[in-house]
Amino acid sequence: GIENSLKSIGKAAIAAFSVGAVVNFTKSCLELGSNLAEVQHVVDVTFGNLNSEVDRFAQNAIEQFGLGQTVTKKYVGTFGAMAKAFDFNNQAALEMSETLTGLVGDVASFYNLSSDEAFTKLKSVFTGETETLKDLGIVMTQTALDQYAMANGFGKTTSAMTEQEKTALRYQFVLDKLSLAQGDFARTSDSWANQTRVLSLRFDELKATLGQGFINLFTPIVQGINWVINKLQVLADAFKSFTEFITGKKSDSSSGVGSIATDLTNVTNSADTASNAVSGIGSSAKKAAKDMKSLAAFDTAQILQSNSDDSGSFGGGGTGGSAGLDFGNSLSESMKKSVSDISNIFGDID
């Protein structure tokens, strides 16, 4: 019984592994096939009727430069687009692009770099950057370019050149400085590292070709699924409208808008209430100020009366009575001034 159970488990595991492997392999093929189609589009747009030349160049790139078709067309398309940005014609842009792409493979082999690293460094031919080339032993300063230009028949320095001429100068300068690396992959193609790279690239090319076949097969199916989902969306919208009509309830988005409008109305009403309250405070303050004025007058009269009584009581205490009168006048003036200030403040608020 245990033996039979183990056999069943083993069969299930093999079946699951096989399905998973097939799915992953198909997914990888589709991705590589899609990438190849994308770079092919760039090549077609950049070079027009010269795209067949790029196809022939890419087919032999594995043996000559250790680059797969997808990567080769990507580099050629990018270099070509950059060259045409400097007003090089199609033929000149194609020649520059293929030469630099081949140099990418050789530089990667010679300096033991990835092809993407070598590609980034060689883009300096168009961008004019100097730091990326220093790792390859190339010092492309303006002084070095001027000296090279005068020594190699350009007839003028960079200060008198157009941008196209500067690009041509940098292109020739870099090719000259990397002459030792040119052809390195072909010279060392029998090495273990390069043979394993070729094997990996050929397997990727196989998957990319299968992927393009899968794309041709699955594209109509995907288009059909998209059409069905689009019709289902129309049906779902109609169903939602029907339920809103029956229940009388709006969708969340409309209710959200109504809620926002209600909140704004509440805020406005609150602001009006606050304004009325402030006006009430100003009126109350004014009334209080008037009351304080009356109170101040009353207090002054009381103080004067008190001082008069005190003066009579003490009989002959003229000094004490005069001091009390001065105190009362001072207090009255201070209160009047305070009341006046308060009235002015709340008068401004009103």
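The rules behind these values
Residues numbered from 1 in each chain as written. Predicted model: local features only at pLDDT ≥ 70, side-chain atom pairs only at ≥ 80, totals over all residues. Heavy atoms only, no water. Helix = DSSP H or I, 4+ residues; strand = E, 2+ residues; numbered from the N terminus. Buried < 20%, exposed > 50% of the residue type's maximum accessible area, 1.4 Å probe, protein only. Contact = heavy atoms within 4.5 Å. Areas by Shrake-Rupley, 256 points an atom, 1.4 Å probe, with all protein chains shown as cover. Lys, Arg positive; Asp, Glu negative; His and termini not counted. Salt bridge = Lys/Arg side-chain N within 4 Å of Asp/Glu carboxyl O. Core = buried A, V, L, I, M, F, W, Y, C linked by side-chain atoms within 4.5 Å. Axes fitted to C-alpha atoms, helices over the stretch in contact; angles between N-to-C directions. Parallel < 35°, antiparallel > 145°, perpendicular 65-115°, else oblique. Left-handed = near helix turned anticlockwise from the far one by under 90°. Nonpolar A, V, L, I, M, F, W, Y, C, P; charged D, E, K, R; others polar. Phe/Tyr/Trp six-rings, centres within 6.5 Å; stacked < 30°, edge-to-face > 60°. Patch = residues over 30% accessible without salt bridge, like charges linked within 9 Å, V, L, I, M, F, W, Y side chains within 5 Å. Expected span 1.5 Å × (residues − 1).

To continue, consider the overall build of the chain. Looking only at helices and strands, the chain has 14 helices and zero strands in total. Taken from N to C terminus, the helices and strands of the chain fall in the order α-α-α-α-α-α-α-α-α-α-α-α-α-α. Among the 350 residues that make up the chain, the fraction classed as buried is 27%. Here the contacts in the chain between residues at least 6 apart in sequence split such that 68% fall between residues at least 24 apart. Approximately 21700 Å² of the chain is accessible, and the part contributed by carbon and sulfur atoms is 59%.

Next up on the list: the side chain of Glu-98. Structurally, Glu-98 can be placed in helix α5 (residues 90-110). Look at Glu-98: it is buried, it has no salt bridge, and the nearest opposite charge is Arg-56 at 8.0 Å. Those residues in contact with Glu-98, other than ones at most four positions away along the chain, are Glu-53, Val-54 and Phe-57.

This brings us to the nonpolar core. Counting residues in each nonpolar core, the largest one holds 43 residues, and the members touching the most others are Phe-47, Phe-79, Val-107, Ile-138, Val-174 and Leu-178. Among the elements that line this core, the one with the most residues is α5, at eight residues. Val-174 has contacts with Leu-122, Val-125, Leu-133, Ile-138 and Met-140, leaving out every residue within four places of it along the chain.

As a further point, take the pattern of salt bridges. Scanning the entire structure with this criterion turns up eight salt bridges. Among the salt bridges present, the one from Glu-131 reaches Lys-134, with a minimum N-O distance of 3.0 Å. Pair noted here: Glu-131 and Lys-134 are both in helix α8 (residues 131-134), with a separation of three residues, about one helical turn. Of the residues examined, Glu-131 reaches a relative accessible area of 53% and is grouped as exposed. We classify Lys-134 as partly exposed; its relative accessible area is 44%. Lys-166 is paired through a salt bridge with Glu-163; the nearest N and O atoms lie 3.6 Å apart. Placement of the pair is Lys-166 and Glu-163 together in helix α10 (residues 163-177), with a separation of three residues, close to one helical turn. According to the relative accessible area criterion, Lys-166 is partly exposed, its value standing at 24%. You can call Glu-163 partly exposed: its relative accessible area is 45%.

This part takes up the packing of helix α2 (residues 51-59) against α5. Contact geometry of α2 with α5 gives a least axis separation of 11 Å together with a crossing angle of 15°. The pairing of α2 with α5 is recorded here as roughly parallel in orientation. As for the relative orientation of α2 and α5, their crossing is right-handed in sense. In this structure, α2 contributes Glu-53, Val-54 and Phe-57 to the contact, and α5 contributes Leu-94, Glu-98, Thr-101 and Gly-102.

We now examine the packing of α5 against helix α6 (residues 115-122). Axis separation between α5 and α6 bottoms out at 8 Å; the angle between their running directions is 125°. Taken together, α5 and α6 sit at an angle that is classed as oblique. Crossing geometry of α5 relative to α6 is assigned as right-handed. For the pair α5 and α6, the contacting residues are Leu-100, Leu-103, Val-104, Val-107 and Ala-108 in the first and Ser-115, Ala-118, Phe-119 and Leu-122 in the second. Looking at side-chain class alone, the contact of α5 with α6 contains eight nonpolar, one polar and no charged residues.

Turning our eyes to something else, we now look at the packing of aromatic side chains. This structure, assessed with the given rule, holds eight aromatic pairs. On the numbers, 5.8 Å between centres and 35° between planes, the contact of Phe-57 with Phe-65 is tilted. Take Phe-65: its relative accessible area is 14%, and that puts it in the buried class. Relative to Phe-173, the ring of Tyr-148 lies with its centre 5.3 Å away and its plane at 90°, an arrangement referred to as edge-to-face. Separated by 25 residues along the polypeptide, Tyr-148 in helix α9 (residues 142-151) and Phe-173 in helix α10 bring together distant segments of the chain. Residue classification places Tyr-148 among the buried positions, given a relative accessible area of 9%.

Here we come to a nonpolar patch on the surface. A grouping of Leu-217, Phe-218, Ile-221, Val-222, Ile-225 and Ile-229 is seen on the molecular surface, where their side chains present a nonpolar patch of about 540 Å² in accessible area. Mapped onto the elements, Ile-229 comes out in helix α12 (residues 192-247).

Further remarks concern α10. For α10, which comprises 15 residues, the first-to-last C-alpha distance of 21 Å matches the rise-based estimate of 21 Å (1.5 Å per residue) to within 8%. Regarding α10, the residues found buried are Thr-167, Leu-169, Arg-170, Tyr-171, Phe-173, Val-174 and Leu-175. Buried residues belonging to α10 abut α5, α6, α7 (124-127), α8 and α9.

Here we take up unusual backbone geometry. Positive phi values are uncommon outside glycine, yet Asp-87 reaches one of about 70°. The residue Asp-87 is located in the loop between α4 (69-85) and α5 in this model. The class for Asp-87 is exposed, based on a relative accessible area of 65%.

Turning to its location among the elements, Ser-189 is positioned in the loop between α11 (184-187) and α12. Using a relative accessible area of 17% as the deciding quantity, one classes Ser-189 as buried. For Ser-189, the contacting residues outside a window of four places in its chain are Asn-194 and Gln-195.

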